[in-house]
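Below are the chains, spelled out letter by letter.
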Amino acid sequence: MTKHDLRGLTRRQLLSRSFAAGALVVTGAGFIAAPNAAWAVEVTAITPDQMATLLQMARDIYPHDQVPDQFYAVAVKGYDAEDKKDLVAAGITELDAAARAMGHASYLSIGWEEDRVQVLQSIETGTFFQTVRSGLVTGLYNQKEIWPIFGYQGESFSQGGYIERGFNDIDWL
Amino acid sequence: MVAKFDLNDDSVVVIIGTGAGGGVLANELAQKGVKVVALEAGGRYLPEDYINDEWESFGQLAWLDARTTSGDWRVAKDFSGLPAWIVKAVGGTTTHWAGASIRFQDHEWKALSTYGAVEGANLLDWPIDGAEMAPWYEKAEEKLGVTRTGNRPGLPGNNNYLVFEKGAKSLGYKEVHTGRMAIQSSDETGNRISCQQTGFCFQGCKWGAKWSAAYTDIPDGEATGNLEVRDRCHVAKILHDDTGKVTAVEYFDKDGNKLTQKARIVCVAGNTIESPRLLLNSASEMFPNGLANSSDQVGRNYMRHVTGSVYAIFDKPVRMWRGTTMAGIVQDEARHDPSRGFVGAA
């Protein structure tokens, strides 16, 4: 790795690099999994490579270092469906073509998040990107398990609302 | 004893929609002994059914029948498949609304006279004004329990409001407060539980602190024995006789059966999109342009909330979700002042 390639690494770029370079195991046997097998996503209608691509797209579109991979996987799981596979195939074909036009082998092969984001930006006005992006708004962020990561408390009625739980406790104004 | 009227009973008043208009009217008539059949396209949900989760609640309460928009307005670009967020449920959009209850300003009753003709807009003066409406506003404010009217205190400011207030006052704004809200603010001034600052107002108030026809007017009307609410009954067409008077409505029940309810009077209260749709869909040989449409204005002049959203990130936590969602208001800029380059304001 030359000094030029290092390009002032940010922490996120470091993490993403290790993620893309092998943190996902694509077995070709119908599922992708975390390296420690803590979770796996089975695919039936689309290929494991396509699912891995969608997962990487999801993280590149809405990057959160503290959100584990399985939540991004859940967010794109719905694309593994008969009525979605054509959209996925066509979209990823275009995505990989855009990656090649920028000198890479494929989108998934790109190590730097910054470079992957550039590829995404080149297709961002298309239907595939818009569909994936808008689906993530609820598909990713409406997973209750990740709300504590953002400090969001979620459901409130069962706890009596916030009238006695700090509804006006801001102290730094 | 819940009322049950016969389909052939032509002495009933039929009300289509049970929200702010239909729900209240249904109750007011029932209280006076008038027999009412209220047809509601949506289902019946009460506070125990509401969900403290924005997305799941949307799936429960929102009008999700396919509706679309087109043209050059921004909503057509961003949300052509979901142009409006209105409610399909008993109580209508009063289930979802924030509760903001502000009176028209005097000049807003006379838009055409005050603003003059505005290109691209279709302005008129109302045939009524603030003075005539004042006692009715007061009655509504009493009924809904609007804060900062009568003896009702304003809601306390939550974290979101406190940030907003600090910023507004730093800019020199004076009319900054937690708003005039149809939300019970004190246990002493009404018969609903007071606001518990729960933060899911738009998903239905699980305490019933916010006024909604769903758990006030509708059950109150039903208790008289004069009101029958048929939920999951979607009206398709209004029928009339050959003198042009309404005679009945056709509707589909939850199983898809087409039924006809006779009526002596029909009230159309289906909100901004569904009411015109129904009137236009009720076109007949005698009224080829739809019902109540000699003006050709049915379905035109659509008005909605115009929203500009601004988000801010602060260095320290705000926890803006803790409490009443519509946390406050600045009214300093709401005056009509054409020197600013535009008419009207909010």
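Presented here is a report on the structure given in the accompanying data block. (Residues numbered from 1 in each chain as written. Chains lettered and ligands numbered in written order. Predicted model: local features only at pLDDT ≥ 70, side-chain atom pairs only at ≥ 80, totals over all residues. Heavy atoms only, no water.)

1. Quick look at empty space enclosed by the protein
Residue and element names in this part refer to chain B.
Thinking step 1. Counted by the stated rule, this structure contains four cavities of 30 Å³ or more.
Thinking step 2. Its volume calculated, the largest cavity comes out at about 120 Å³.
Thinking step 3. Forming the walls of the largest cavity are 16 residues, and the residues nearest its centre are Thr198, Gly199, Cys201, Cys205 and Trp207.
Thinking step 4. Partitioning the lining of the largest cavity into residue classes produces eight nonpolar, seven polar and one charged.
Thinking step 5. Counted as a void, the second largest cavity has a volume near 40 Å³.
Thinking step 6. Forming the boundary of the second largest cavity are Ala100, Ile102, Gly179, Arg180, Met181, Met326, Gly328 and Ile329.
Thinking step 7. Class assignment of the residues belonging to the lining of the second largest cavity gives a composition of five nonpolar, two polar and one charged. (1 Å grid on protein atoms, 1.4 Å probe; cavity = no way out; pocket = protein on both sides within 12 Å on 5 of 7 lines; lining within 4 Å. Points joined across faces, edges and corners; volume = space filled by probe spheres on them. Nonpolar A, V, L, I, M, F, W, Y, C, P; charged D, E, K, R; others polar.)

2. With respect to the layout of surface pockets
Residues and elements named next belong to chain B.
Thinking step 1. Volume-wise, the second largest pocket comes out at about 570 Å³.
Thinking step 2. Along the walls of the second largest pocket sit 21 residues, with Thr272, Ile273, Pro276, Gly299 and Tyr302 positioned nearest its centre.
Thinking step 3. Of the residues in the lining of the second largest pocket, the class split is nine nonpolar, eight polar and four charged.

3. Points about the interface of chain B and chain A
Thinking step 1. Facing 27 residues of chain B, the contacting portion of chain A comprises 23 residues.
Thinking step 2. Both faces combined, the contact of chain B with chain A buries some 2200 Å², and carbon together with sulfur accounts for 62% of it.
Thinking step 3. Run the count over chain B and chain A and you get three salt bridges.
Thinking step 4. Between Lys144 of chain A and Asp53 of chain B there is a salt bridge, with its nearest N and O atoms 2.6 Å apart. (Contact = heavy atoms within 4.5 Å. Buried area = accessible area lost by both parts, 1.4 Å probe. Salt bridge = Lys/Arg side-chain N within 4 Å of Asp/Glu carboxyl O.)

4. Regarding unusual backbone geometry
Residue and element names in this part refer to chain B.
Thinking step 1. At Arg232, a residue that is not glycine, the phi angle is positive and equals roughly 55 degrees.
Thinking step 2. You can see Arg232 is positioned in the loop between strand 4 (227–230) and strand 5 (234–240).
Thinking step 3. Residues other than glycine seldom take positive phi values, yet Asn271 does so here, at roughly 75 degrees.
Thinking step 4. Along the chain, Asn271 turns up in helix 8 (residues 271–281). (Helix = DSSP H or I, 4+ residues; strand = E, 2+ residues; numbered from the N terminus.)

5. Thoughts on the packing of helix 5 (residues 85–101) of chain A against helix 6 (residues 113–122) of chain A
In a pair of packed helices, the angle between the axes and the distance between the axes together describe the arrangement.
Residue and element names in this part refer to chain A.
Thinking step 1. At a minimum axis distance of 9 Å, the contact between helix 5 and helix 6 shows a crossing angle of 120 degrees. Classified by the interaxial angle, the pair formed by helix 5 and helix 6 is oblique. Helix 5 and helix 6 meet at a crossing whose hand is right-handed. On helix 6, the residues touching Leu95, Ala98 and Ala99 of helix 5 are Val119, Leu120 and Ser122.
Thinking step 2. Counted by class, the contact of helix 5 with helix 6 contains five nonpolar, one polar and no charged residues. (Axes fitted to C-alpha atoms, helices over the stretch in contact; angles between N-to-C directions. Parallel < 35°, antiparallel > 145°, perpendicular 65-115°, else oblique. Left-handed = near helix turned anticlockwise from the far one by under 90°.)

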